[in-house]
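So the chains spell out like this:
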Amino acid sequence: MSFAMHKCHNKLLVSKHVRRISLQYFEIVQEKPDKMNTKVKLKEVYEVKQQYKAFYTGGTIVWKPDAQQFLCLNNGTISIVSIDNLHEPVALGEQETDGEIAEDVIYTFAVSNTGNSIVSGHRSGLLKLWDGEKHTVQKMWKTVHQGPISRLVFNPTDSVIASGGSDSTIRLWDPTEQVCLGTLRGAEGLINVIVFHPYADSKIVVAVGDDTKIRAWDYESRKQIKTFEGHFSRVTGVSFSEDRTHLVSAGRDKILILWNFESQQAVKTIPVYETLESVVVLPAGLRVGGIKLKKGKVYAACGGEEGLIKVWEMTGAKIIFKQSNSLVAKAAEEGGLAITHLFYSEPHGRMAVVSADHNILVHDCESFDYVHQLSGFSDEILDLILFGKRDQHIAMATNSSDFKVYDVSTMNCRLVKGHTDIVLSLCANDRYLLSSSKDNSIRLWSFTEEPFTISCVAIGLKHTNTVGCVTLSRQGGNFCASVSQDRCLKTWKIPKKFTTEEDGELPRLQCSLTALAHEKDINCVTISPNDRLIATASQDKTAKLWDASDLSVVGVFRGHTRGIWAVRFSPVDQILLTNAADCTIKLWSLEDMTCLKTLEGHDSSVLRVEFLSNGMQLLSAGADGLVKLWSIKTSDCVQTLDRHDNRVWALCVTRDESVFYSGGSDSQLIQWQDVTESKRQQELDQRKDTLLQEQELSNLLSERKLLKALRLSLNLDRPLSTLKIVNEVIRTKEQGLEDTVRKLSNDHKERLLRHAIEWNTNSKNCRPAQLALNVLLQETLAGRFQVSELNKHLEASLPYTERHFKRLTEYVKDLKFVEYSLRCMQPHAARMD
């Protein structure tokens, strides 16, 4: 057999193989007649339903005394977020963006003990006092700190505010009179901690600078009265005991110290073998994790680089409780940050932890279970997936080893731990959720919905590099596929039941097949609706089609000029979709591997595309921050959605396609809603109203009710009808035009002004135009008409008005000349008679 015949024979075999799988693909689609026979309503308009932004980006954070709200520093503003996260956060201050820097950003703040007042320290050196309920500035005054303010604290009676700065001083302020009551000196470096003595009558304030000493001042006499020396590194937390006679301090020197406040002596020094960032003394009688705290002893809860809350009995120097269910990852480096803040709410018996990656976790002290989980900042959103019977949950992969699961109705967050490096991809079906990570592994998670629980049931460890994308089979859910930077495509078998290993380790997923798929990194993998085909997309500018049974190559798609980011199967047709860094989207035939269409419209890389409307429309997301809605039939972009500030990496669509979510590099999760039907109905209603108003206008004109018709004509924004009405008023010399214009709304007066300027361009209509302009200018001078862009309107009307004036002046001259000529001719005419 010749080489040409052999090549032709192979091509014929591949064609038959593709046709066989394509027919099976088509049969699977035919099994869903309900979808196919239903008339598909195309989407035309999506609008933002909800926008979830970052509310905590690091720095000061305060838990209000009622334990219902957190106040968080967010890019130079204060965000007030409810603990159940049901309401959109309220922002105080000027937002600072990458494009421009706000002049008066907030450095730090404090909340009064009643929760009714907030004081904030600004870049400009101002202190502002805000109303805690109305969120308005009540007072502001200038500080005299030489540099930024680092700490602000109210005293127990809220009668004094202490401010600590980078100039090593602490200044005391009267918030009612806005006067400085005194300056406390003696600390070194930046003031990191300020704590007032719990007894208001004691007039003592404790503060810590950059050195290792804890100092106490009498702030009435402004004298330093005590110094506590014992730490060897920076002190990060100070807390008074319940009996007020002891002080507990924590530092980065990995020790806890119990001090006698009167004698200034260290009663107990406890090595904790971790860098600590916060410490809170707990009251006696409290139950922590089922253990009751006894009276007469000092108990301190602390948190640091290990990411665990530990409760120490200070006098006995022993741990009585150690957290076992922590969702805070241990610091990557020794001395690094894991837990940054620790709060205790005595009225509610709850403890809140703030992690270095800006998560807020609230525990019930007695059981130490999680009550609330809030994610203050998600960094880059890399992937989104909806799952659950009614798309009740949305899973989000960010620049973190944990991925987040949100309840769609309340947006309550749940952190899911397991991976040891950044999670890159997520996929889900009705039973399982699958994740992949930079730790070279994939994990299979089982979940239940009511109540929601999720747990890892198996792990796959056969890849040798970052696993960039995973996908689950659509029908049986009995296998999954993954692709990695090791350029391999792998399929994994999912058993019906999982049994835990004897040593407690997770079961291993069995790798069924492996293929060296591409020459460069593989970006995406997806499985066809009939589970017979697998498609991959790579940085080598190609997409490939594989037989899922043996991973043999079915076809190769070449045509893109840059790396391909994603690949998708049409839900109803034998079509494959690819999107690439060459700013294009291509549709390919599965029968002959030819390109059917190329959609162009994005100005930068197309990162993600999803099918809509039974494969008749597309949603695409680009590196330019734009989301576009396409019609495949016409190849036109139906709508462009511009709400993201940076790359949009992730899209996910609900099953009924009424809502979709988008997320990207700007840390925003945006919920979009299909409002096509409501917009169509709104347009129909508006058209009906317009027709009724036009009929009413016609009736008024026929009945010669000109002034009533004028208001209706302006409402319809009809310049020609309005001109006819004004001309008719002039012709019939009807009175009341000024009164009618005076009674018009400001919007209607603006429309009449625009109409008059338009008429004024034609000399035939100069009389009604000048009449209308005269009346409107009188209204403006009287203060009854507020004109937007008055200068622009005057500039548009003045040249034509001057031209009309000159023409009328010449016309008057001619009339005078005619009159003069007639007077001169009258004596001669009489003599001739």
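Model, not experiment: these values are computed from the prediction.

**Some details on the packing of helix α7 (residues 746-759) against helix α8 (residues 766-781)**
Two numbers describe how α7 lies on α8: the axes approach to 9 Å, and their chain directions differ by 145°. Classified by chirality, the crossing of α8 by α7 is left-handed. Judged by residue contacts, K749, L752, L753, A756, I757 and W759 of α7 engage P768, A769, A772, L773, L776 and E779 from α8.

**A closer look at the nonpolar core**
Counting 37 residues, the largest nonpolar core has L282, M351, L384, I394 and Y661 as the members making the most contacts within it. Every residue in contact with M351, bar those within four places of it in the chain, is listed here: W63, L282, A301, I309, L342, F343, Y344, L361, V362, H363, C365 and F368. L489, I527, I534 and I564 belong to the second-largest nonpolar core, a separate cluster that totals 31 residues.

**Examining the pattern of salt bridges**
This model, assessed by the stated rule, comprises 22 salt bridges. The salt bridge involving E450 is made with R390; its shortest N-O contact spans 3.7 Å. With a gap of 60 residues between them, E450 in the loop between β38 (442-448) and β39 (453-460) and R390 in the loop between β32 (381-387) and β33 (393-398) connect regions that are remote in the sequence. Take E450: its relative accessible area is 69%, and that puts it in the exposed class. For R390, a relative accessible area of 57% puts it in the exposed group. By sharing partners, the salt bridges in this structure join D383, R568, R608 and E610 into a single network.

**Considerations on the sheet that holds strand β10 (residues 149-154)**
Reading across from one edge, β10-β11-β12-β13 is the order of the four strands in this open sheet, with antiparallel pairing throughout. What marks the edges here is a single partner per strand, and that holds for β10 and β13 (179-184). The mean inter-strand angle of the sheet, taken between neighbouring strand axes irrespective of direction, is 25°.

**Remarks on the pairing of strand β49 (residues 575-580)**
The buried count for β49 comes to six of six residues, which makes it a mostly enclosed element. Residue alternation in β49 divides its side chains into two sets, I575, L577 and N579 and L576, T578 and A580, and both sets are buried. Bridge count between strand β48 (residues 564-569) and β49: five bridges; the pairing is antiparallel. Across the sheet, A566 pairs through a bridge with N579, a residue of β49. In sequence, β48 turns back onto β49 through a hairpin of five residues.

**Some words on empty space enclosed by the protein**
Scanning all chains against the criterion turns up one cavity of 30 Å³ or more. Taken together, L710, V726, L737, V741, L752, A772 and V775 make up the full set of residues lining the largest cavity. Elements with a contribution of two residues or more to the lining of the largest cavity: α6 (737-742) and α8. For the lining of the largest cavity, the per-class residue count stands at seven nonpolar, no polar and no charged.

**Remarks on the packing of aromatic side chains**
Tallied over the entire structure, the rule returns 15 aromatic pairs. An angle of 10° between the planes, with centres 5.3 Å apart, marks the rings of W63 and F70 as stacked. Classification of W63 as buried rests on a relative accessible area of 10%. Under the relative-accessibility criterion, F70 is labelled buried at 0%. Ring geometry for F228 versus W259: centroids 5.4 Å apart, planes at 70°, classification edge-to-face. With F228 in strand β17 (residues 223-229) and W259 in strand β20 (residues 255-260), this residue pair connects regions lying 31 residues apart in the sequence. Taking relative accessible area as the criterion, F228 reaches 0% and is therefore assigned buried. An aromatic cluster is built from F228, F240, W259 and F261, whose rings are joined through pairwise contacts. Seen from the ring of F261, K226 lies directly overhead, with NZ or CZ sitting 5.3 Å from the centre. Between the NZ or CZ atom of R244 and the centre of the ring of Y199, over which it lies, the distance is 5.7 Å.

**A closer look at α8**
For α8, spanning 16 residues, the distance from its first C-alpha to its last is 22 Å, which sits close to the expected 22 Å at 1.5 Å a residue. Residues of α8 that are buried: C766, P768, A769, A772, L773, V775, L776 and E779. Those residues of α8 hidden inside the fold are in contact with α5 (719-732), α6, α7 and α9 (790-832). A positive phi of about 80° marks G783, the residue just after α8.

**So, the pairing of strand β25 (residues 299-304)**
Burial of β25 is extensive: six of the six residues sit out of reach of the surface. Pairing analysis gives six bridges linking strand β22 (residues 276-282) to β25, with the strands arranged antiparallel. Paired with L282 across the strands is Y299, a residue of β25. Sheet topology note: the β25/strand β26 (residues 309-313) ladder contains five bridges and is antiparallel. What sits directly across from C302, in β26, is K310. Linking two consecutive strands that pair antiparallel, namely β25 and β26, is a turn of four residues; a positive phi of about 80° is found at G307 within it.

**Things to note about a nonpolar patch on the surface**
Together, F817, V818, Y820, L822 and M825 make up a nonpolar patch on the protein surface, roughly 560 Å² of accessible area in all. Position of Y820 among the secondary structure elements: in helix α9.

**Describing the state of the cysteines**
Put plainly, a disulfide is one covalent bond tying together the sulfur atoms of two cysteines. Tallying each qualifying case throughout the model produces zero disulfides. Distance from the sulfur of C365, which forms no disulfide, to the nearest cysteine sulfur (C302) is 14 Å. Assessed through its relative accessible area of 0%, C365 is described here as buried. No disulfide involves C488; its nearest neighbouring cysteine sulfur is the one of C511, lying 9.0 Å away.

**Regarding the confidence of the model for the protein**
In regions of low pLDDT, the predicted coordinates are not meant to be interpreted in detail. Of the residues in the protein, 92% reach a pLDDT of 70 or more, and the chain-wide mean stands at 86. Contacts from residues 25-38, a stretch scored under 50 in pLDDT, to residues over four places away or in other chains number 19 contacts.

How each quantity is defined
Residues numbered from 1 in each chain as written. Predicted model: local features only at pLDDT ≥ 70, side-chain atom pairs only at ≥ 80, totals over all residues. Heavy atoms only, no water. Axes fitted to C-alpha atoms, helices over the stretch in contact; angles between N-to-C directions. Helix = DSSP H or I, 4+ residues; strand = E, 2+ residues; numbered from the N terminus. Left-handed = near helix turned anticlockwise from the far one by under 90°. Contact = heavy atoms within 4.5 Å. Core = buried A, V, L, I, M, F, W, Y, C linked by side-chain atoms within 4.5 Å. Buried < 20%, exposed > 50% of the residue type's maximum accessible area, 1.4 Å probe, protein only. Salt bridge = Lys/Arg side-chain N within 4 Å of Asp/Glu carboxyl O. Pairing = 2+ DSSP bridges. 1 Å grid on protein atoms, 1.4 Å probe; cavity = no way out; pocket = protein on both sides within 12 Å on 5 of 7 lines; lining within 4 Å. Points joined across faces, edges and corners; volume = space filled by probe spheres on them. Nonpolar A, V, L, I, M, F, W, Y, C, P; charged D, E, K, R; others polar. Phe/Tyr/Trp six-rings, centres within 6.5 Å; stacked < 30°, edge-to-face > 60°. Lys NZ or Arg CZ within 6 Å of the ring centre and 35° of its normal. Expected span 1.5 Å × (residues − 1). Patch = residues over 30% accessible without salt bridge, like charges linked within 9 Å, V, L, I, M, F, W, Y side chains within 5 Å. Areas by Shrake-Rupley, 256 points an atom, 1.4 Å probe, with all protein chains shown as cover. Disulfide = S-S within 2.5 Å. pLDDT = per-residue confidence, 0-100.

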